[in-house]
Amino acid sequence: MRIGFIGLGNMGAPMAANLVAAGHEVMGFDTTAEVPEGVASVASAAEAAAGADVVITMLPNGAILHAVASEVIPAMPKGAIFVDCSTVEVDAARAVAADAEAAGLGWLDAPVSGGVGGAASGTLTFMVGGGEEAFETVTPLFDIMGQKAVLCGPAGNGQAAKICNNMILGVTMIATCEAFAMADKLGLSRQAMFDVVSTSSGYSWTMNAYCPAPGVGPKSPADNDYQPGFAAELMLKDLGLAQAAAEAADADTPMGEAALALYRRFVEDEDGLGRDFSAMLPRFEGRSRA
Ligand code: NAD
C-alpha cells in the first residue's frame, strides 16, 4: 500500500519504520522530527496524503489533529482511509471523522497501548473506532505495527476505550504506590509486599508487570531511576481527556478525578515532570497524612 504518515515522533517514527520494513511505500511528514530511514520525506502533510491509500497520523493532541486534518482531508483520494493513532478527545475524533466521511473517505480512530517499546517491536494494541470495511482494509497494517487490534464500535469508540483503560491505569498506579509506601511504614518488606499482592486479589498490571518499587518484580522504569517509560505528563494528559469525556457524558468518576488532581500536582507543583508515572512511589515515600 501507499501510506502517508504524519507525526514521526517517539511513537510515529518506529511505527512508520515497521511499515517500510514490511514492504510498504511510506511518505512521511513531521514539522520537526527527522524522517526514519526508508520513509520518503515530503514537504507537507498534504503532500504525504496525495495519492495515499491510507493516511496515518500520530500527533500530540486534538487541536493539532484538527489543523492537520484540514490540510490532509482535501488532499486524499476519494475512498482512501484516514487512520488517527494519536490519543485525543473523543469529541475531536468524532468531529474529524465526520469531516473525513463527508469528503468520501474512510475513517478509523486507532489510539494505541504499548508505548515506545511496543511501537519499536511492533507489538502495540490498537483500540479502534470506525466502520467495519475500513477496519478490514487496515488490519494488515495493524498486524505489522501491533499484536492486537480491537474494533470497539463507531467513530470515537477507540478513543473512548483508550481513556477508560488509562483512567484505570492511573488510578491503579496511585493505589499501588500508596500501598507500597504504607507497607514501608508498617514494617513490611517490599519483596514480601510484592510476593503477596502479585498473587492475591490486589494484583494488577501496575504491580505484576510494571512494579513501581525498584529491585522488585520484573524490570520496570523504577529500576532505571524512573526514566520514562510512560511519562507522568502523558498520564496527566490522558486523565484530563478522561475527565473531559466523563463531564460530557455525565459519568460519575470520582477516582478518575482524584487521580487527575494528584498527577496534576505531581507534574506541575512537584518533581513529576519528565519522570515515569510510577515515580508516584518516591512521591509517597516519607510523606505523612498532613
Ligand atoms: P511526540 O511528541 O514524540 O511526537 C509527535 C510528533 O508530532 C512530533 O515529532 C511533532 O514534531 C509532530 N508534529 C506536531 N505538530 C505537527 C504538524 N502540524 N504536522 C506534522 N507533525 C507534527 O509524541 P509521541 O510520544 O510520539 O506521542 C504521539 C501520540 O501518541 C500522542 O497523542 C500520545 O498521547 C500517544 N501515545 C504515546 C505513548 C508514549 O508512550 N509515548 C503511548 C501511547 C500513546
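What you are looking at is a predicted structure, and each value in this text was computed from that prediction instead of being measured.

Conventions we followed
- Residues numbered from 1 in each chain as written.
- Predicted model: local features only at pLDDT ≥ 70, side-chain atom pairs only at ≥ 80, totals over all residues.
- Helix = DSSP H or I, 4+ residues; strand = E, 2+ residues; numbered from the N terminus.
- Buried ≥ 20, exposed ≤ 12 C-beta atoms within 10 Å, placed from the backbone.
- Contact = placed C-beta atoms within 7 Å.
- UniProt positions renumbered as here; feature names shortened; annotations may be inferred.
- Near = placed C-beta within 6 Å.
- Nonpolar A, V, L, I, M, F, W, Y, C, P; charged D, E, K, R; others polar.
- Core = buried A, V, L, I, M, F, W, Y, C linked by C-beta atoms within 7 Å.
- Axes fitted to C-alpha atoms, helices over the stretch in contact; angles between N-to-C directions.
- Parallel < 35°, antiparallel > 145°, perpendicular 65-115°, else oblique.
- Left-handed = near helix turned anticlockwise from the far one by under 90°.
- Pairing = 2+ DSSP bridges.
- Right-handed = clockwise from strand over helix to strand, strands pointing away.

Engineer: Could you give me a rundown of the overall build of the chain, with the residues and numbers involved?
Structural biologist: When helices and strands are counted, the chain shows 12 helices and nine strands. Overall, the C-alpha framework of the chain stretches about 65 × 40 × 35 Å when taken along its three principal axes. Here the chain holds 290 residues, and 49% of them are scored as buried. The long-range share in the chain, meaning contacts at least 24 apart out of those at least 6 apart in sequence, stands at 62%.

Engineer: Tell me about the UniProt feature "domain: 6-phosphogluconate dehydrogenase NADP-binding" (unreviewed entry) in the chain, and please be specific about residues and values.
Structural biologist: UniProt tags residues 2–151 as "domain: 6-phosphogluconate dehydrogenase NADP-binding" (unreviewed entry). Regarding residues 2–151, the helix share stands at 40% and the strand share at 26%, and the terminal C-alpha atoms are separated by 23 Å.

Engineer: Which residues make up the UniProt feature "domain: 3-hydroxyisobutyrate dehydrogenase-like NAD-binding" (unreviewed entry) in the chain, and what are the values?
Structural biologist: Here, UniProt's "domain: 3-hydroxyisobutyrate dehydrogenase-like NAD-binding" (unreviewed entry) annotation points to residues 156–281. When the span residues 156–281 is considered, its composition is 60% helix and 0% strand, and the gap between its end C-alpha atoms is 33 Å.

Engineer: So, unusual backbone geometry: which residues are in play, and what are the values?
Structural biologist: Cis geometry is found at the peptide bond from Pro228 to Gly229, where omega equals 15°. Tracing the backbone through its elements, the reader meets Gly229 in the loop between α9 (205–208) and α10 (232–249). With a phi angle near 60°, Tyr226 is a residue other than glycine that sits in the positive phi range. Among the secondary structure elements, Tyr226 is positioned in the loop between α9 and α10. The exposure class assigned to Tyr226 is buried, which follows from the 25 C-beta atoms found within 10 Å.

Engineer: Hey, could you go over the site of the ligand for me, with residue numbers and the actual values?
Structural biologist: Residues in contact with the ligand amount to 26 residues; listed here are only the nearest, Gly9, Asn10, Met11, Ala33 and Thr87. Among the elements of the structure, α3 (62–72) and α5 (115–121) are those that each provide at least two residues to the shell around the ligand. Among the elements that make up the shell around the ligand, the one with the highest residue count is α3 (three residues). Its residues assigned to classes, the shell around the ligand shows 16 nonpolar, nine polar and one charged.

Engineer: I'd like a description of the nonpolar core, backed by residues and values.
Structural biologist: As a rule of thumb, soluble globular proteins bury nonpolar side chains together. Counting 100 residues, the largest nonpolar core has Val54, Val55, Val83 and Tyr263 as its most contacted members. Ranked by residue count, the leading element in this core is helix α7 (residues 157–185), at 11 residues.

Engineer: Help me get a handle on the packing of α7 against helix α11 (residues 254–268), residues and values and all.
Structural biologist: Their axes nearest at 9 Å, the elements α7 and α11 cross at an angle of 65°. Classified by the angle between their axes, α7 and α11 sit roughly perpendicular to one another. Like other packed secondary-structure pairs, α7 and α11 cross with a definite hand, here left-handed. Contact residues: α7 offers Met167, Gly170, Val171 and Ile174, while α11 offers Met255, Gly256, Ala259, Leu262 and Tyr263. Grouping the amino acids of the contact of α7 with α11 by side-chain chemistry returns seven nonpolar, two polar and no charged.

Engineer: An account of the pairing of strand β8 (residues 124–130) is needed here, citing residue identities and associated values.
Structural biologist: For a regular strand, the rule is simple: side chains alternate between the two faces of the sheet. Of all the seven residues making up β8, six are buried; the element is thus mostly covered by neighbouring parts of the structure. The sheet contact formed by strand β7 (residues 112–113) and β8 spans two bridges and is antiparallel. Within the sheet, the bridge partner assigned to Ser113 lies in β8 and is Thr125. The pairing of β8 with strand β9 (residues 146–151) spans five bridges and is classified as parallel. Following the sheet pairing, Leu124 is matched in β9 by Gly146. Once you follow β8 into helix α6 (residues 132–145) and on to β9, the crossover reads as right-handed.

Engineer: Give a detailed account of the environment of Val72, specifying residues and quantitative values.
Structural biologist: When you line up the elements, Val72 lands in helix α3. Residues Val72 and Gly156, 84 residues apart in the sequence, show an inter-C-alpha distance of 19 Å. Excluding anything up to four places from it in sequence, Val72 contacts Ile6, Ala45, Ala46, Ala49 and Val55.

Engineer: So what's going on with the environment of Arg2? Residues and values would help.
Structural biologist: Tracing the backbone through its elements, the reader meets Arg2 in strand β1 (residues 2–6). Look at Arg2 and you get partly exposed, because 15 C-beta atoms sit within 10 Å. Distance in space between the C-alpha atoms of Arg2 and Val68 is 19 Å, their sequence separation being 66 residues. Apart from the residues within four sequence positions on either side, Arg2 is in contact with Glu25, Gly51, Ala52 and Asp53.

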